[in-house]
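# Geometric and topological summary
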Amino acid sequence: MIAPIVRDKAALRAMVTPWKRAGEVVGVVPTMGALHDGHLSLVAAAKAACDRVIVTIFVNPKQFNNPEDLANYPRTEEDDARKLERFGVDAIWVPDGDQMYPEGFSTNVSVSGLTDCLCGATRPGHFDGVATVVSKLFLQTSADQAFFGEKDYQQLQVVTRLAADLDIPVTVVGCPTIREEDGLAMSSRNLLLSDRARVYAPVLNEVMEEMAEALRGGAEIAALMPKALKRLEVAGFTSVDYLELRRADDLQLLDRADVPGRLFAAAWLAGVRLIDNIAV
Ligand code: AMP
C-alpha cells in the first residue's frame, strides 16, 4: 500500500483528528530519511503496537552543528516511500523547513544534564535541535507512542526526559540497534563511506565488543584505552570524539562496569562520523 505523503500541517491534523476521536492508538517513527533496515525495524515495532503509524521524514537543520554535514546528508525520499510500502503505514509526514520553522519561529527546547556529555559535548546545539523538533513532531502527530533506536542511545534518553518533563502524553519506546552482518551499526551516514572506508568501519564495533568483554570481566576502562585507540588508528580512524563507559540510566561516567553500563563511541573515518554503543 502506498502511504499518502503529507506536506502540510493542516492536512496532517485533518488526518489524525478522526483517528484520535475513534480512540485509535497512534504511533510515530521520527526519521531523517535515507531509510535502512534500522529505521524499518522501528516501523515494524510501531505497526505491531499501534492502530495507526506515521513515519516522519525531516532533515532537521537545527540539529546539525556543521553546514557541510547538513548539505551532504543523504536525501532519498522516493526510495524511502517505496521501502515503506510493504509496512502499510498510514502517513508519511514530510514537512519542509517553512512548515517546521515558519518566519518568526523563536522557541528552543533544551534538556539539561543528560546533554552535557557525549554527542552533547562534541556537537554544540545538537540536542537542542533534536529536542525542539521532536517536541514539535509529538505535538503535530498527537502520537500515543513514539519509536526510537538505541543506536542513538543518548537521544533516546533525551526524548524520554523531554516527554516526561513537558507532560506530553506519549510513551517513548526504545528499539535495539540493527547491524550489518559484519557488526557495523546501520546508519544513513554509512552511504557516505567510500568502498575502502566501508571495509574498515566495522572495526569500531569489533573494538567495542572486545572492550565490553573485558569490562564484563571486571577490567577498568583506563587499562583498555591505549590498545583500543591504537587499533582504531591503524584501521584509519582519524579521530575519536569519545570512547567512554557510562551508567545506562543517567549517563554518569564509570571506571568499571559495577552497575549496568553502556560503552559509547563516536569516531571519524574518512570524513564520516560514526557512532555506536553497546550494553555492558
Ligand atoms: P535518523 O534518521 O538517523 O535520525 O534515525 C531515526 C531513528 O532511527 C532514530 O530513532 C534512530 O535511533 C533510529 N535508528 C537509526 N539507525 C538505527 C539502527 N541501526 N538500528 C535501530 N534504530 C536505528
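Residues numbered from 1 in each chain as written. Predicted model: local features only at pLDDT ≥ 70, side-chain atom pairs only at ≥ 80, totals over all residues. Heavy atoms only, no water.

It is worth spelling out the sheet that holds strand β7 (residues 237-247) at this point. Strand order in this open sheet of 3 strands is β7-β8-β9, and the pairing throughout is antiparallel. The two strands at the open ends of the sheet, each matched to only one other strand, are β7 and β9 (272-279). Along the sheet, successive strands turn relative to each other by an average axial angle of 10°, direction set aside. Note that β7 and strand β8 (residues 261-269) share 9 bridges and pair antiparallel. Bridge pairing in β8 places E244 opposite F264. The sheet contacts of helix α10 (residues 203-216) involve β7, β8 and β9, and relative to β9 the element is tilted by about 25°. The strands touched by helix α11 (residues 221-234) are β7 and β8; relative to β7, the strand with the most contacts, the crossing angle is about 155°. (Pairing = 2+ DSSP bridges. Helix = DSSP H or I, 4+ residues; strand = E, 2+ residues; numbered from the N terminus. Axes fitted to C-alpha atoms, helices over the stretch in contact; angles between N-to-C directions. Contact = heavy atoms within 4.5 Å.)

Here the domain parsing of the chain yields domain 1 (5-175) and domain 2 (188-279). For domain 1 and domain 2, the distance between their C-alpha centres works out to 26 Å. On the domain 2 side, the residues contacting the 21 residues of domain 1 number 17 residues. Together, L118, K151 and Y153 form the three largest contributors to the area buried by domain 1 at its contact with domain 2, with a combined 35%. In this structure, the connection of domain 1 to domain 2 is made through 2 salt bridges. Summed over the shared surface of domain 1 and domain 2, the number is 11 residue pairs in polar contact (both at pLDDT 80 or more). Elements with a minimum of two residues in the side of domain 1 that touches domain 2: α3 (67-72), α6 (118-122) and α8 (153-165). The residue makeup of the side of domain 1 that touches domain 2, split by class, is 9 nonpolar, 7 polar and 5 charged. (Domains from an automatic or database assignment. Buried area = accessible area lost by both parts, 1.4 Å probe. Salt bridge = Lys/Arg side-chain N within 4 Å of Asp/Glu carboxyl O. Polar contact = N/O pair within 3.5 Å; in protein donor to acceptor, adjacent residues only side chain to side chain. Nonpolar A, V, L, I, M, F, W, Y, C, P; charged D, E, K, R; others polar.)

What follows is about the pattern of salt bridges. One pass over the structure, following the stated rule, counts 20 salt bridges. Ionic pairing is found between R189 and D69, a salt bridge with its closest N-O pair at 2.8 Å. Placement of the pair is R189 in the loop between β6 (171-175) and α9 (195-200) and D69 in helix α3, with a sequence separation of 120 residues. Accessibility expressed as a relative area gives 15% for R189, which makes it buried. With a closest N to O distance of 2.9 Å, E210 and R231 form a salt bridge. Taken as a pair, E210 in helix α10 and R231 in helix α11 lie far apart in primary sequence, 21 residues in all. Here the salt bridges do not stand alone but share partners, grouping E24, R52 and D90 into one network. (Buried < 20%, exposed > 50% of the residue type's maximum accessible area, 1.4 Å probe, protein only.)

This part covers the site of the ligand. Within the structure, the ligand sits among 17 residues, and H39, G149, D152, I178 and M186 are positioned closest to it. Within the contact set of the ligand, an oxygen atom lies 2.9 Å away from a side-chain nitrogen or oxygen of H39. One nitrogen or oxygen atom from the main chain of G149 is found 2.9 Å from an oxygen atom belonging to the ligand. Here the ligand, which alone exposes 480 Å², has 94% of that area covered by the protein. Looking at the shell around the ligand, the elements that each hand over two or more residues are β2 (26-31), α2 (37-49) and β5 (145-149). In terms of residues, the shell around the ligand owes the most to one element, α2, which gives 3 residues. Classifying every residue of the shell around the ligand by side-chain character gives 8 nonpolar, 7 polar and 2 charged. (Near = heavy atom within 4 Å. Areas by Shrake-Rupley, 256 points an atom, 1.4 Å probe, with all protein chains shown as cover.)

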